[in-house]
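Coordinate inspection notes
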Amino acid sequence: MSIKKYLIPFLVLFSISLLLIMTHYKARENDSRLYTSEVVELMERPMVEWIAPKWNPETNCYQYDKTVPYIQDHPMGNLIPGLLLSAIGIPAYASLYIVNVFYKIAIILLMYNIARRYYSDEKASFILIAGQIIVGSIGYQLRSNHEQLLLLGVVFMFYSLLAVEKKYLQAFGIAASFTILILTKGVFAVLGGFVLFADLLVTKRTWKDRFFLYGTGLLALLPIAAIYEFWYYKVTGISFIAPYWKIQIAARTLQETEMSLGIKLLQKFKNLYHYSSRALVSSLPWSLFALGLPLFSKKTRTQFKFDPLSKMLLIYVLGQICFFSLSNRLAARYVYQSFIILGFLFAFQAYDFLPRLQNLHKRYFHPHKINCAFLTLLGLTLISLITHFIQYPDQVWP
């Protein structure tokens with residue numbers, strides 16, 4: 001293999017990492033600051049204790065039971081990559097930001113390899129650039145929270161089901177995806193269920209294969225949860241699963257209210273409207289092209305069609321949005337993954353509606369698709385850094 005082929009991707013990732021380290025970049029968003037502080041705190045403790053980050057009141061972290069010194073409202077799986085990077089010498093304050101950059105490019109590359117199974121290489125490679133130019137994705141360009149890792153888990157499950165041919169590798173990929181999801185956000189392992197539901201409705205498999213693939217993935221959740229609980233108890237002397245369920249499910253999501261049935265239903269429809277409208281905005285500009293052009297052009301209206309991949313992506317989006325609309329809690333970050341996946345779906349549709357964009361892509365970008373993907377990542381990262389430091393000049397250079 002030619003070294004030149006990977007020179008630009010390597011230089012881009014190296015440059016972004018160096019910039020994040022040298023500038024001591026720190027996002028203003030609360031979750032990013034919280035997770036970064038947890039990595040810094042855990043690096044001062046033995047590796048065996050990484051399972052139990054301690055609650056720090058200075059981070060304004062929500063703590064259900066302030067008599068317990070450990071964080072119990074989420075697992076610590078999203079910290080593991082940052083901790084491992086810090087263990088080999090990357091500064092702890094920058095490690096999570098760096099791994100999130102890697103997540104973003106990994107998601108795009110996986111999506112490209114999925115799309116190649118359904119579209120021409122020219123159309124599939126369009127996602128390498130268009131998939132990064134999505135409002136929701138740009139808003140999360142430089143953060144250290146868990147949304148990108150959850151999205152990676154979801155896209156990797158799609159990849160395992162649609163782009164891998166050997167069944168035992170498919171099963172391994174599904175199990176790995178569920179592992180990522182449960183260790184990152186616990187109950188958000190349900191996102192994998194939406195992927196499997198989409199696969200059930202769209203793909204043609206024997207029931208024997210479905211039982212094997214789905215069963216292997218779901219069964220992987222049990223030993224992972226058991227090992228996590230055992231390790232956490234050995235370090236802290238208390239359970240993790242019991243208080244986690246009390247905090248995240250019983251106290252927040254399933255908490256009963258005194259509202260009438262009519263008001264409750266109205267609240268659910270309000271949640272659904274909120275998430276749906278946010279999804280359309282967050283998937284701009286491709287939602288505008290994919291939905292707007294067919295309204296004004298009979299030609300594009302006849303071109304609008306759903307292939308198997310588009311059907312699976314849409315079913316996933318509808319599943320996640322409808323499911324979280326039922327909760328008493330409302331936050332756009334709960335359905336962030338559906339925003340980006342909807343952006344992917346609209347980008348593929350928009351590509352068919354814009355012949356000039358097709359010609360431009362085929363002529364200039366497709367021949368250098370991988371380099372263009374990484375250069376797009378670099379450009380968006382630089383824009384994000386510059387705008388951040390313009391807005392917060394006190395943070396420019398330590």
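Look a little higher up for the structure.
Along every chain, residues carry numbers that run from 1 in the direction the sequence is written. Residue-level local features of this predicted model are given only where pLDDT is at least 70; pairs of side-chain atoms are given and counted only at 80 or more, and the full residue set underlies all totals for whole chains, interfaces and linings. Working from all heavy atoms in the structure, the side-chain values ignore hydrogens and water.

Some remarks on the packing of aromatic side chains
- Aromatic pairs are defined between Phe, Tyr and Trp rings, using the six-membered ring for Trp, whenever the two ring centres lie within 6.5 Å; interplanar angles under 30 degrees are classed as stacked, those over 60 as edge-to-face, and all others as tilted. Tallied over the entire structure, the rule returns 20 aromatic pairs.
- Ring centres 5.2 Å apart and planes at 80° place the aromatic pair Tyr25 and Tyr97 in the edge-to-face group. Taken together, the residues Tyr25 in the loop between helix H1 (7-22) and helix H2 (30-42) and Tyr97 in helix H4 (residues 92-115) connect sequence positions 72 residues apart.
- Grouping aromatic residues by their ring pairs yields a cluster made of Phe158, Phe188, Phe194, Tyr316, Phe323, Phe324 and Tyr334.
- Only Lys NZ and Arg CZ are tested; either one counts as a charge over a ring when it is within 6 Å of the ring centre and within 35 degrees of the ring normal. A cation over an aromatic ring shows up here: Arg28 above the ring of Tyr392, its NZ or CZ 4.2 Å from the ring centre.
- If you follow Arg210 out to its NZ or CZ, it ends over the ring of Trp207, 5.9 Å from the centre. Helix and strand assignments come from DSSP, with helices taken as H or I runs of at least 4 residues and strands as E runs of at least 2, each series counted from the N terminus.

Comments concerning a nonpolar patch on the surface
- Patch criteria: residues need more than 30% relative accessible area and no salt bridge. Like-charged residues are merged within 9 Å; nonpolar side chains of Val, Leu, Ile, Met, Phe, Trp and Tyr are merged within 5 Å. All accessible-area figures derive from a Shrake-Rupley calculation using a 1.4 Å probe, and residue coverage is judged against the displayed protein chains alone. Here a salt bridge means any side-chain nitrogen of Lys or Arg lying within 4 Å of a carboxyl oxygen belonging to Asp or Glu. On the surface, Leu7, Phe10, Leu11, Phe14, Leu18 and Met22 cluster together to form a nonpolar patch covering roughly 560 Å² of accessible area.
- Within the secondary structure layout, Leu7 lies in helix H1.
- A 1.4 Å probe rolled over the protein chains alone gives each residue an accessible area, and that area as a share of the maximum for its type sets the label: buried under 20%, exposed over 50%, partly exposed in between. A residue is classified by how much of its surface remains accessible, and Leu7, at 42% relative accessible area, is partly exposed.

A short note on unusual backbone geometry
- In this structure, Pro285 follows Leu284 across a cis peptide bond, with omega equal to 0°.
- For His24, which is not glycine, the phi torsion reads 55° and is therefore positive.
- Mapped onto the secondary structure, His24 falls in the loop between H1 and H2.

Here we look at the nonpolar core
- Working definition of a nonpolar core: buried Ala, Val, Leu, Ile, Met, Phe, Trp, Tyr and Cys residues. They are joined through side-chain atoms within 4.5 Å. Leu20, Met111, Phe158, Leu191, Leu309 and Tyr316 are the most contacted members of the largest nonpolar core, which totals 108 residues.
- With 16 residues, H4 is the largest single contributor of residues to this core.
- For Tyr316, the residues in contact, after removing those within four places along its chain, are Val154, Phe158, Leu191, Phe194, Val195, Ala198, Gln337, Ser338 and Ile341. Note on definitions: a residue-residue contact is assigned when non-hydrogen atoms from the two residues lie within 4.5 Å.

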